[in-house]
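# Understanding the architecture of this molecule
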Amino acid sequence: MGTIISIVNQKGGVGKTTTAVNLTAALKQSKKKVLLCDFDPQANATSGMGVVKNGIRLSSYDIIINDADPKAAVVTTEYGDVIPSSAALSGAGVELVALEKREFRLKQALDKVRDDYDCILVDCPPSLELLTLNALCAADKILIPVQCEYYALEGLRDLMTTLRAVKRAMNPKLEIFGVLLTMFDGRTNLAVQVSEEVRRFFPEKVFSSVIPRNIRLSEAPSHGLPVLAYDKQSKGAESYYKLAAEILKKEGI
């Protein structure tokens with residue numbers, strides 16, 4: 001049975017999608033069966049995996065709203081399998097309100113495919129509404145990217161409050177898998193200070209792998225490629241290889 005890891009932080013621009021895409025690709029290169037579920041209406045993870053958006057037949061919207069078969073929604077790429085997202089997902093939060101077991105729609109869908117994979121990653125939207133709640137209820141663990149900049153911890157207390165509520169009432173097995181420091185520039189005192197503050201806030205939960213500021217990481221999505229395919233020698237690619245190795249060791253996948 002595959003482990004489901006939701007990549008979550010309600011703050012935008014912290015590296016959720018970059019992490020989802022490149023971690024998927026790194027795990028794939030480690031010969032693991034991995035699925036990326038793009039659960040963000042912006043669908044950036046979908047295009048980042050090289051999937052052409054206008055060619056999508058079924059999306060994550062269809063599996064939670066229309067009860068589409070998740071196996072039929074999977075798109076196979078050389079970087080890993082993807083359940084793509086679409087703009088229709090932007091209205092799903094409203095549609096979910098009227099559905100039975102609305103918080104568990106994604107869990108019900110992913111449970112149908114989790115035996116086919118070693119790991120399923122879920123790229124969450126930058127919010128704490130019903131889509132993210134679905135991702136938390138579906139997950140075994142969560143991975144929290146935290147940007148090494150001012151206000152890095154802003155909003156994380158709200159996330160922790162939500163996590164405790166979900167764990168108490170809906171998903172008692174949910175746990176924090178790890179916190180990932182992103183956009184790190186060791187030349188600045190601020191980045192070092194934020195890193196130390198995050199480690200105090202999440203004792204023993206911060207990955208030793210750190211994602212640096214790297215131009216290749218920024219360029220890769222415009223080519224529809226993970227950085228591991230765009231420039232595998234870059235510092236960005238190297239950091240995600242290290243993260244994948246750390247996760248494989250920690251999780252025993």
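Provided above is the structure to which this section pertains.
Now for a description of the structure that goes with this document. Predicted model only: the values in this text are computed from it and were never measured.

Our next topic: the sheet that holds strand E7 (residues 175-184). Read across the open sheet, the eight strands follow the order E3-E4-E2-E5-E1-E6-E7-E8; overall the sheet is mixed. Of all the strands in the sheet, just strand E3 (75-77) and strand E8 (206-212) have a single pairing partner and so form its edges. Strand-to-strand, the axes of this sheet are offset by a mean angle of 25 degrees, without reference to chain direction. Two strands pair when backbone bridges link them, and strand E2 (residues 34-38) and strand E5 (residues 119-123) are joined in this way by five bridges, in the parallel orientation.

Bringing the layout of surface pockets into the picture now. In this structure, the largest pocket encloses a volume near 530 Å³. In terms of lining residues, the largest pocket is bounded by 29 residues, among which Gly15, Lys16, Thr17, Thr18 and Met183 are the most central. A per-element tally of the lining of the largest pocket places helix H1 (residues 16-29) first, with five residues. Within the lining of the largest pocket, the residues separate by chemical class into 14 nonpolar, 12 polar and three charged.

Turning to the packing of H1 against helix H12 (residues 235-251), a few remarks are in order. Contact geometry of H1 with H12 gives a least axis separation of 9 Å together with a crossing angle of 70 degrees. Of the possible angle classes, the one that applies to H1 and H12 is roughly perpendicular. Of the two elements, H1 crosses H12, and the hand of that crossing is right-handed. Together, Thr18, Thr19, Asn22, Leu23, Ala26, Leu27 and Gln29 of H1 and Tyr240, Tyr241, Leu243, Ala244, Ile247 and Leu248 of H12 make up the contact between the two elements. In terms of residue class, the contact of H1 with H12 is made up of nine nonpolar, four polar and no charged.

Ranked by size, the top nonpolar core spans 52 residues in total, and within it Ile64, Leu106 and Ile144 carry the most contacts. A total of seven residues in this core trace back to one element, the largest contributor, which is helix H7 (residues 130-138). Beyond its immediate chain neighbours, meaning those up to four positions away, Ile144 contacts Val8, Asn9, Leu156, Leu159, Met160, Ile176, Gly178, Val179, Leu180 and Phe202. Core analysis: the second largest hydrophobic core is formed by 32 residues, Leu27, Val34, Phe207 and Leu228 among them.

Judged by how many residues are buried, H7 sits mostly within the fold: nine of nine residues are covered. All buried positions along H7 are accounted for by Leu130, Leu131, Thr132, Leu133, Asn134, Ala135, Leu136, Cys137 and Ala138.

Moving on: the pairing of E5. For a regular strand, side chains alternate in direction, first toward one face of the sheet and then toward the other. The buried fraction of E5 amounts to five of the five residues, a majority that puts the element mostly inside the structure. Burial along E5 is two-sided: Cys119, Leu121 and Asp123 facing one way and Ile120 and Val122 facing the other are all buried. Across five bridges, the pairing between strand E1 (residues 3-7) and E5 is parallel. Paired with Ile4 across the strands is Ile120, a residue of E5.

Here we take up the pattern of salt bridges. Throughout the structure, instances matching the rule amount to 13 salt bridges. Across the pair Glu103 and Arg102 runs a salt bridge, and its minimum N-O distance is 3.6 Å. The buried category is assigned to Glu103, whose relative accessible area is 17%. In this structure Arg102 comes out as partly exposed when scored by relative accessible area, which is 31%. Arg216 is paired through a salt bridge with Glu219; the nearest N and O atoms lie 2.7 Å apart. Placement of the pair is Arg216 and Glu219 together in helix H10 (residues 215-219), with a separation of three residues, close to one helical turn. One salt-bridge network, held together by shared partners, links Lys107, Asp111, Arg114, Asp140 and Lys173.

Any pair of aromatic rings gets described here by the distance separating the centres and the angle formed by the planes. Inspection of every chain in the model, using the stated rule, returns three aromatic pairs. Note on Tyr150 and Tyr151: the rings are 4.3 Å apart at their centroids and 45 degrees apart in plane angle, and the pair reads as tilted. Ring geometry for Phe177 and Phe207: centres 5.8 Å apart, planes at 75 degrees, overall edge-to-face. You can see Phe177 sitting in strand E7 and its partner Phe207 sitting in strand E8, a full 30 residues away along the chain. The class of Phe177 is buried, set by a relative accessible area of 3%. The ring of Phe177 carries the charged tip of Lys250 above its face, separated from the ring centre by 4.8 Å.

Criteria and cut-off values
- Residues numbered from 1 in each chain as written.
- Predicted model: local features only at pLDDT ≥ 70, side-chain atom pairs only at ≥ 80, totals over all residues.
- Heavy atoms only, no water.
- Pairing = 2+ DSSP bridges.
- Helix = DSSP H or I, 4+ residues; strand = E, 2+ residues; numbered from the N terminus.
- Axes fitted to C-alpha atoms, helices over the stretch in contact; angles between N-to-C directions.
- 1 Å grid on protein atoms, 1.4 Å probe; cavity = no way out; pocket = protein on both sides within 12 Å on 5 of 7 lines; lining within 4 Å.
- Points joined across faces, edges and corners; volume = space filled by probe spheres on them.
- Nonpolar A, V, L, I, M, F, W, Y, C, P; charged D, E, K, R; others polar.
- Parallel < 35°, antiparallel > 145°, perpendicular 65-115°, else oblique.
- Left-handed = near helix turned anticlockwise from the far one by under 90°.
- Contact = heavy atoms within 4.5 Å.
- Core = buried A, V, L, I, M, F, W, Y, C linked by side-chain atoms within 4.5 Å.
- Buried < 20%, exposed > 50% of the residue type's maximum accessible area, 1.4 Å probe, protein only.
- Salt bridge = Lys/Arg side-chain N within 4 Å of Asp/Glu carboxyl O.
- Phe/Tyr/Trp six-rings, centres within 6.5 Å; stacked < 30°, edge-to-face > 60°.
- Lys NZ or Arg CZ within 6 Å of the ring centre and 35° of its normal.

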